[in-house]
Amino acid sequence: MPNSAPILVLLLVVFVVSVPARAQQPPDRGRIRAEVEAYRRQAEQAARVFLDASKPDDERAAAVTGVPTFVDKAHVEGALGVFRNDRESGRIRALALTRLPHAAVDQDALLTDLLKVAGNPSAPAALRQAALDVLQQMLFSSMAAHARHHEIMTVLRGVMRDPDPAIRESALSILAAHGDDEARRQLLEGLKSRPGAMLPPDASIRLLGLRPRDEIYPVLHQVMLSPPNEAVKVECIRLLGGYAPSRKAIVDFLRDANESTTVRHAALATLNANDAERIAAHALPVVTDERAPEALRVYGILAVQQRRTSPTLRLSGAADFDQAVRKLAADSPSRAVRDAARRYAQVVSSK
Amino acid sequence: MRVGRLRSRRLGALVLCSILVVGAGGCVATRPQEIQTLVEVQINDTAATIDDYVAWAPTRSRARILFPTSAAGTVDVTLRNMDPPPGGQVLFAYPSDITLPATTGTRPTLDLALPRNGAWVDFYVAGKFGSPSLRDKDAVIEVREKRAGGDGIVLGRQALMVRIRKNANLLTPDERDRFLAAVAGLNMTVGDYFTFQAIHAVASQEAHGGPAFLAWHRVFILRLERELQAIDPSVALPYWRFDQPAPNVFDAEFMGGPPSGGYATFAPANPLSTWVIGGLPGVLRSPSFSPTGTPGGLISETATLSLGGVGNLYASFRTMEGNPHGTAHVRAGATGWIGSVPTAVRDPLFFLLHGNVDRLWAKWQWTYDRYDVTSSASYAPLGSHPGAGPIPIGHYLMDSMWPWNQVTTPPRPTTAPGGAFPQTVGRVGFPPLQPRPLDTIDYESNTGNSSALGFGYDDVPFK
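A. Representation of the overall build of chain A in the model. For chain A, the helix and strand inventory stands at 20 helices and zero strands. By the compact-globule yardstick of 20 Å for 351 residues, chain A is too spread out, its C-alpha radius of gyration being 29 Å. Considered along the principal axes of its C-alpha atoms, chain A spans approximately 85 × 75 × 35 Å. In chain A, which comprises 351 residues, the share counted as buried stands at 51%. Sequence-distant contacts, at least 24 apart, represent 61% of the contacts inside chain A between residues at least 6 apart. Summed over all atoms, the accessible surface of chain A reaches about 16,200 Å², with 52% contributed by carbon and sulfur.

Structure follows, in structure tokens:
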């Protein structure tokens, strides 16, 4: 070895392996505890200002801007009192409500208050919206909410026809997510007789899709065939993939080059969701059509790729699809399609 | 000399090593399988490589001479990391180093005397905090003959991964893509994702509103993580740090960009672009915040850590179930799937959200040393369900948790999808078939034969 080699070697080592060491320093327990204590003091200070009813609302609101929750038990109780006090402004009451760690207070009592506010059309809109917001959070986190589920749904049904669209949609979305029959019925009625609709039709259909039931499909089928706009048509298509009477129409939408990409994409996606065994057969005509939208073709290739190696699914038309994709990987003028086809070939051949 | 699958930036190191090592008269390659192995190392005390994954907690391991003889005496060796960062780094410990209260590996190198008769010698290995792996098996333990005055020859190498749950917003594109492929694969190819939706849809009282909220979800997301690892063992569940902007998370290349028509938007090649669940295509999600913003009204990490109150008690801390947990759900999609318990798991963002919930619990545990399962400061209520009372069964420390206990008689739900908790090579018993909250508290316990539940967070050190 030449005499200068060790120096060269050393330089090579430095060059090749010298990447910035990005090892993270361990956090400091003491610093974190100090930060927590500092937050507690900040929250206490903010609470003292906020809970002082003699101060102007603007000052009270500004005090809690950087303090999303109160911690001290007495301050939490104080905030609860502000929320319940209908002599306070709606704004301050809403701020008080959102500062409550609601899981830390008597949840039955809080629920009663929330339902009273949410169901009162005379209460300030900001307060009602905050109440609905907290209610939705409690439905996630509160055993009391679970126990009083029926009561909550009853109150929310009363809010369904609220003149405020944001409040209406909040109530409806909670109801729909919990599979409420009355909400579903109202949403469906609104689709049938649009002047009576509580929400725009596409929003209604999305909410119906949160917990779809069989009774919605015939209605959606009719709407799909005569939609007021494309957004509604797309929403219907998404939900109707498993409804046998709609299948032919959906397949026709997919194959119709005059349909928009959005409609065709929704058609292929819902077929992927509901007719996975035949996804290769559904996707093949689109994937091999060089005039079809690129994004749609890439979707088709990826959808089949993901199903192709399933241990439980037997895809019909898989061999034809594989052959077509091999050709696309070599010949397609679209780079995105070629890339997708190559990834497909890689994944499928490796299994 | 085989170049094999070496990355180009390692090529220089390979050439360099060749010059050095050939000059020294030793072996000539840099990857474990490319040298003649004279010392065998087993991570988790198994020959299986499927469990060669560590977190920050110490993992029992062992080494031995591979071709034993009847000769007496030992071969002195030194264990160390083969490659410098980036990539996983480990620390070592002797069994005598691992004492209660728990300790983990702290030695950058470890000297062992391996009997020539092939008997095993135990040691511990742990991920070095701050140096998690970036790729599968990018950490390599190198065993060198110990010589006075310099390095001896390489006698063996063992690849492993320091597999850590990371901030989703900071993943490398490769880490992100591996996670996405695994999640999509679990749903679209294997078809088991829907089981998680089926469980959570009816898990209301079992998993929410009570003391076991955190414990139940720790097990629930661990279950998913292990399913992902069955597809790609290099995957760890990332977390959505919801009190900070996460533009890389809410992006079409990752968990979905700004919604179109109420649905998250994905890049065409994103594996989630073909997401379907329960006969419904797409991901219904309309966050109330922009990708560069944060959910309104959601409390910060510091505020969350303060929830334990003056005594930093679990009974108070667990109220984080309301805010930030419930707030994050509702802000991520009040009119979408993730906004309600019955539908939340349809959106895979659920697991990143709960990854952060779990991380916050882990952070609180670490900050206030809350691992003692005999103390109500760490978990309350202790003991078992007394048969009656306001706290339902399943929420006491010693109660088994549905659905893994397979109990379907009232007051439990009438179905128990998914079965008992599946056991994993190298982690049998961690958690047990029927986990209890007890099994989730000291999640990094080193009293067993493995690093307990087998996960760690990038910003929560070993206890």
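B. Structural detail: the overall build of chain B. What chain B contains, in helices and strands, is 10 helices and 13 strands. Whereas a compact globule of 463 residues would reach a radius of gyration of roughly 23 Å, chain B reaches 24 Å, a difference of no more than 12%. Expressed along its principal axes, the backbone C-alpha trace of chain B runs to roughly 70 × 55 × 40 Å. Among the 463 residues that make up chain B, the fraction classed as buried is 62%. Of all intrachain contacts in chain B linking residues separated by at least 6 positions in sequence, the fraction that spans at least 24 positions is 70%. Carbon and sulfur atoms form 56% of the exposed surface of chain B, whose accessible area is close to 15,300 Å². Positive and negative charge centroids in chain B, built from 39 and 38 side chains respectively, lie 3 Å apart.

C. Focus on the pattern of salt bridges. All names here are of chain A. Counted under the stated rule, the structure contains 53 salt bridges over all chains. In this structure, aspartate 181 engages arginine 184 in a salt bridge whose closest nitrogen and oxygen atoms are separated by 2.4 Å. In this pair, aspartate 181 and arginine 184 are both assigned in helix 11 (residues 181-192), three residues apart and thus about one turn of the helix distant. Overall, arginine 184 belongs to the buried group, its relative accessible area being 7%. Notably, a salt bridge pairs arginine 206 with aspartate 202, separated by 3.8 Å at the nearest N-O pair. With arginine 206 and aspartate 202 both in helix 12 (residues 201-208), this residue pair falls four residues apart, about one helical turn. Given the relative accessible area of 18%, arginine 206 is considered buried.

D. Looking closely at the environment of lysine 73 of chain A. All names here are of chain A. Positionally, lysine 73 belongs in helix 4 (residues 73-84). Take lysine 73: its relative accessible area is 66%, and that puts it in the exposed class. Between the C-alpha atom of lysine 73 and that of valine 105, which follows or precedes it by 32 residues, the distance is 9.1 Å.

E. Spotlight on the sheet that holds strand 4 (residues 74-81) of chain B. All names here are of chain B. Strand order in the open sheet formed by five strands is 2-9-8-4-6, and the pairing between neighbours is mixed. Each edge of the open sheet is held by one strand with a lone partner, namely strand 2 (53-54) and strand 6 (109-115). Inspection of the sheet shows strand 4 paired to strand 8 (residues 139-147) by five bridges, in the antiparallel sense. Each bridged residue has a counterpart across the sheet, and for asparagine 81 the counterpart in strand 8 is isoleucine 141.

F. Here's a closer look at the pairing of strand 7 (residues 121-127) of chain B. Residue and element names in this part refer to chain B. Most of strand 7 sits out of view: six of its seven residues are buried. Both strand 3 (residues 59-65) and strand 7 contribute to a ladder of five bridges, which runs antiparallel. Across the sheet, residue arginine 60 finds its bridge partner in strand 7, namely tyrosine 124. The pairing of strand 5 (residues 90-93) with strand 7 spans four bridges and is classified as antiparallel. Considered in strand 7, the bridge of phenylalanine 92 is made with valine 125.

G. Representation of the packing of aromatic side chains within the structure. Residues and elements named next belong to chain B. Overall, the coordinates contain 28 aromatic pairs over all chains when judged by the stated rule. Taking 6.4 Å as the distance between ring centres and 55° as the angle between the ring planes, the aromatic pair formed by tryptophan 364 and tyrosine 368 counts as tilted. Of the two residues, tryptophan 364 and tyrosine 368 are both situated in helix 9 (residues 349-368); the distance of four residues between them amounts to about one turn of the helix. Exposure remark for tryptophan 364: the relative accessible area of 0% places this residue in the buried category. Classification of tyrosine 368 by relative accessible area gives buried; the value is 7%. Both rings, one in tyrosine 443 and one in phenylalanine 455, keep their centres 4.8 Å apart while their planes meet at 5°; by these two values the pair is stacked.

H. Up close: the interface of chain B and chain A. With 82 residues of chain B at the interface, the matching set in chain A holds 63 residues. Taken together, the two surfaces of chain B and chain A that pack against each other cover about 6,000 Å², and 65% of this comes from carbon and sulfur. Counting across the chain B and chain A interface gives one salt bridge. Between aspartate 133 of chain A and arginine 331 of chain B there is a salt bridge, and its shortest N-O distance comes to 2.8 Å. Run the count over chain B and chain A and you get 18 residue pairs in polar contact (both at pLDDT 80 or more). Of all the elements, helix 8 (residues 322-333) of chain B adds the most residues to the side of chain B that touches chain A, at eight residues. Its residues assigned to classes, the side of chain B that touches chain A shows 36 nonpolar, 38 polar and eight charged.

I. Structural context of the confidence of the model for chain B. All names here are of chain B. Across chain B, the average pLDDT comes to 89, with 90% of residues at or above 70. This model gives residues 1-30 a pLDDT under 50, and the stretch forms 44 contacts once residues within four places in sequence are excluded. Listed scores for the predicted complex are pTM 0.91 and ipTM 0.90.

J. Quick look at the confidence of the model for chain A. Per-residue pLDDT for chain A averages 89, and the proportion of residues at 70 or more is 93%. In this model, residues 15-21 of chain A is a region of pLDDT below 50 whose contacts with residues beyond four sequence positions or in other chains number nine contacts.

K. Spotlight on helix 15 (residues 244-255) of chain A. Counted at 1.5 Å a residue, the expected span for helix 15 of chain A with its 12 residues is 16 Å, and the 18 Å between its end C-alpha atoms agrees. Looking at the buried positions of helix 15 of chain A, the neighbouring elements they touch are helix 13 (216-225), helix 14 (230-240), helix 16 (261-274) and helix 17 (279-287) of chain A.

L. Just empty space enclosed by the protein, in detail. Taken as a whole and judged by the stated rule, the model has six cavities of 30 Å³ or more. Taken as a whole, the largest cavity encloses approximately 140 Å³ of empty space.

M. Representation of the packing of helix 16 of chain A against helix 17 of chain A within the structure. All names here are of chain A. Helix 17 packs onto helix 16 with a crossing angle of 160° between their chain directions and a minimal axis gap of 9 Å. Judged by the inter-axis angle, helix 16 sits roughly antiparallel to helix 17. Along this stretch, helix 16 crosses helix 17, giving a crossing that reads as left-handed. Along the contact surface, helix 16 presents Arg264, Leu268, Leu271 and Asn272, while helix 17 presents Ile279, His282, Ala283 and Val286.

N. Expanded view of the nonpolar core. Residue and element names in this part refer to chain B. Core analysis: the biggest nonpolar cluster contains 197 residues, and Phe179, Trp240 and Phe351 have the highest contact counts within it. Ranked by residue count, the leading element in this core is helix 9, at 12 residues. Excluding its chain neighbours within four sequence positions, the residues that come into contact with phenylalanine 179 are Leu228, Val235, Ala236, Leu237, Pro238, Phe254, Met255 and Leu352.

O. Representation of the packing of helix 11 of chain A against helix 13 of chain A in the model. Residue and element names in this part refer to chain A. At a minimum axis distance of 10 Å, the contact between helix 11 and helix 13 shows a crossing angle of 25°. As judged from the angle between their axes, helix 11 and helix 13 are roughly parallel. Judged by the twist between their axes, the crossing of helix 11 over helix 13 is left-handed. Residues Arg184, Leu188, Leu191 and Lys192 of helix 11 form the contact with helix 13, whose own contacting residues are Ile216, Val219 and Leu220.

Calculation criteria
Residues numbered from 1 in each chain as written. Chains lettered and ligands numbered in written order. Predicted model: local features only at pLDDT ≥ 70, side-chain atom pairs only at ≥ 80, totals over all residues. Heavy atoms only, no water. Helix = DSSP H or I, 4+ residues; strand = E, 2+ residues; numbered from the N terminus. Rg over C-alpha atoms; globule rule 2.2 N^0.38 Å. Buried < 20%, exposed > 50% of the residue type's maximum accessible area, 1.4 Å probe, protein only. Contact = heavy atoms within 4.5 Å. Areas by Shrake-Rupley, 256 points an atom, 1.4 Å probe, with all protein chains shown as cover. Lys, Arg positive; Asp, Glu negative; His and termini not counted. Charge placed at Lys NZ, Arg CZ, Asp CG, Glu CD. Salt bridge = Lys/Arg side-chain N within 4 Å of Asp/Glu carboxyl O. Pairing = 2+ DSSP bridges. Phe/Tyr/Trp six-rings, centres within 6.5 Å; stacked < 30°, edge-to-face > 60°. Buried area = accessible area lost by both parts, 1.4 Å probe. Polar contact = N/O pair within 3.5 Å; in protein donor to acceptor, adjacent residues only side chain to side chain. Nonpolar A, V, L, I, M, F, W, Y, C, P; charged D, E, K, R; others polar. pLDDT = per-residue confidence, 0-100. Expected span 1.5 Å × (residues − 1). 1 Å grid on protein atoms, 1.4 Å probe; cavity = no way out; pocket = protein on both sides within 12 Å on 5 of 7 lines; lining within 4 Å. Points joined across faces, edges and corners; volume = space filled by probe spheres on them. Axes fitted to C-alpha atoms, helices over the stretch in contact; angles between N-to-C directions. Parallel < 35°, antiparallel > 145°, perpendicular 65-115°, else oblique. Left-handed = near helix turned anticlockwise from the far one by under 90°. Core = buried A, V, L, I, M, F, W, Y, C linked by side-chain atoms within 4.5 Å.

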